[in-house]
Amino acid sequence: MQHKNFKNIDKVVYGRGSFNQLAETVEPIRKENKNYFVYVVDNYFKGKPLSNKLQNKPEDLIYYINVDPHEPTTEQIDTLRDEVLSKKGLPSGIIGIGGGSIMDIAKALSLMFTNEGSSTLYQGLNLIKKPGIYHLGVPTISGTGAEVSMTAVLTGPEKKLGLKCDWTVFNQVILDPELIASVPTDWWFYTGMDTYIHCIESHGGIRNNAFSLAYGDKALELCREVYLSEKSGQTPDNDDKLMVASLMGGLSLTYSEVGVCHALSYGLSKIHGTRHCYANCVIFQHLEDIYPKGVKEFNQMIKKHNITLPQNLHKEWDDATLTAMATVSYNLPFMWNHAFGDNYKEIATLDYIKDLFRRL
Ligand code: NAD
Ligand code: ZN
């Protein structure tokens, strides 16, 4: 058996107000390349107090990016890369401030500054040829684990697939729980549940091990405090915990694997454009036979926070649509193998996966 040899973030700073250390953290890097930084900031922060605390220098470029119309695309990355290079040449580094979408944009841009051609050429594992430039992530919504993962998920004309390699991982992450206070309740729920589901799936399969369980089970404990305990809800104490849970959930799945919910989620997102964390929630509620304890708790959390998820979506889907969704999911064998063991091919057939989608 080949054991994963994974790359962690080089440096992490955590704590309330730690965002104020951004300028001093990146100062030594300014001497690299053309001596300026590119900021990619979630458009939500345009005109908000955070936009006056970016600690940028006059030579830096700041891009406010609207992440709502769609998840990051290959075309978006290529266009931004070309624009920045033609304006000012190779930056010293890139600073991403936002949710999972911005984390992925920052990671992908870093790689595409030094790898020629379109990012579509590099969607997959270890296809990137050269290290990217310095990149720093500041998450402002917690749950996806994108701040720690070794992939930058992009939707291209043909596939939704990450640029996945050691160089994708951030050089520096700043975890400041103050920044997630303004997240709307529904996103706080969906994105936090991504972590919860990462940990349930990481635990519930053959690839779990003491390393993945140590991170994942602790992250689950934190999720329960944030979403299920008497003190649950969007409070500063809980934001402190959720930010750590997101990171640890990401580490857990890196050293194990996700499972059935994520395999289905990719199918739903690819065919219908449903956003990752929301798609996971829409699916997970129906997997009680596969993850009994996890789904029971999830449904309690849904109730506690008055979240409404759509039902009977399958009524809109004809057989061709179900086949298309199931085909995307079927082609994620690592997840099925992890969830069902070595005879997974006998269980996770295309028909079985279509039946799972019929539950939605
Ligand atoms: P997001 O980045 O898509 O943002 C969701 C919404 O929250 C947006 O409207 C955004 O403007 C808003 N927002 C962000 N921070 C806010 C704040 N502090 N206050 C108010 N509003 C705020 O959200 P996400 O769920 O973190 O990320 C989803 C993306 O992450 C998807 O594109 C998915 O593909 C990707 N993803 C990547 C990985 C990975 O390992 N690379 C893992 C899972 C998901
Ligand atoms: Zn996920």
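For the structure, check the block above.
Predicted, not measured: the structure shown is a model, and the values here were computed from it. (Residues numbered from 1 in each chain as written. Chains lettered and ligands numbered in written order. Predicted model: local features only at pLDDT ≥ 70, side-chain atom pairs only at ≥ 80, totals over all residues. Heavy atoms only, no water.)

A. Structural context of the site of ligand 1. The full set close to ligand 1 counts 29 residues, and Asp68, Ser101, Ser149, Ser182 and Arg275 are the nearest of them. Within the backbone of Leu179, a nitrogen or oxygen atom sits 3.0 Å from a nitrogen atom of ligand 1. Contact between ligand 1 and Arg275: an oxygen atom at 2.7 Å from a side-chain N or O atom of the residue. Calculation on ligand 1 without its partners gives an accessible area of 870 Å², and the protein chains cover 94% of this total. When residues of the shell around ligand 1 are traced back to their parent elements, those giving at least two are helix H3 (100-112), strand E7 (151-155), helix H4 (185-203) and helix H8 (276-284). It is H3 that contributes the most residues to the shell around ligand 1, four residues altogether. For the shell around ligand 1, the per-class residue count stands at twelve nonpolar, ten polar and seven charged. Both domains that meet at the shell around ligand 1, namely domain 1 (11-180) and domain 2 (185-357), each give it at least three residues. (Near = heavy atom within 4 Å. Polar contact = N/O pair within 3.5 Å; in protein donor to acceptor, adjacent residues only side chain to side chain. Areas by Shrake-Rupley, 256 points an atom, 1.4 Å probe, with all protein chains shown as cover. Helix = DSSP H or I, 4+ residues; strand = E, 2+ residues; numbered from the N terminus. Nonpolar A, V, L, I, M, F, W, Y, C, P; charged D, E, K, R; others polar. Domains from an automatic or database assignment.)

B. Geometry of the coordination of the zinc ion (ligand 2). The protein atoms donating to the zinc ion (ligand 2) are Asp194 (OD), Asp194 (OD), His198 (NE2), His262 (NE2) and His276 (NE2), with metal-donor distances spanning 2.1 to 2.8 Å. Sequence spacing of the donors to the zinc ion (ligand 2): D-x3-H-x63-H-x13-H. A residue pair is termed a helical-turn pair when its members lie 3 or 4 positions apart in one helix, as Asp194 and His198 do in helix H4 at four residues. You'll find Asp194 and His198 in the same group, each marked buried. (Donors = N, O, S within 2.8 Å, 3.2 Å for Na, K, Ca; no water. Buried < 20%, exposed > 50% of the residue type's maximum accessible area, 1.4 Å probe, protein only.)

C. Structural context of the side chain of Thr195. Within the element layout of this structure, Thr195 appears in helix H4. Relative accessible area serves as the criterion here: at 0%, Thr195 is assigned to the buried category. One polar contact links the side chain of Thr195 to the main-chain carbonyl oxygen of Gly143, over a distance of 2.6 Å. If we skip the residues at most four places from it in the chain, Thr195 touches Gly143, Cys223, Ala245 and Ser246. (Contact = heavy atoms within 4.5 Å.)

D. Local environment of the pattern of salt bridges. As enumerated under the stated definition, the model contains 17 salt bridges in all. The shortest N-O distance in the salt bridge between Lys57 and Glu27 comes to 3.7 Å. With Lys57 in the loop between strand E2 (37-42) and strand E3 (61-65) and Glu27 in the loop between helix H1 (22-26) and E2, the pair connects residues that are 30 residues apart, well separated along the chain. On the basis of relative accessibility, which here comes to 33%, the residue Lys57 falls in the partly exposed class. Notably, a salt bridge pairs Glu59 with Arg30, separated by 3.7 Å at the nearest N-O pair. Pair noted here: Glu59 is in the loop between E2 and E3 and Arg30 is in the loop between H1 and E2, with a separation of 29 residues, a long-range link. Glu59 sits in the partly exposed class, given a relative accessible area of 30%. Members of the salt-bridge network, linked through shared partners, are Glu27, Arg30, Lys57, Glu59 and Asp60. (Salt bridge = Lys/Arg side-chain N within 4 Å of Asp/Glu carboxyl O.)

Keep in mind that these numbers describe shape and distance, not what the molecule does.
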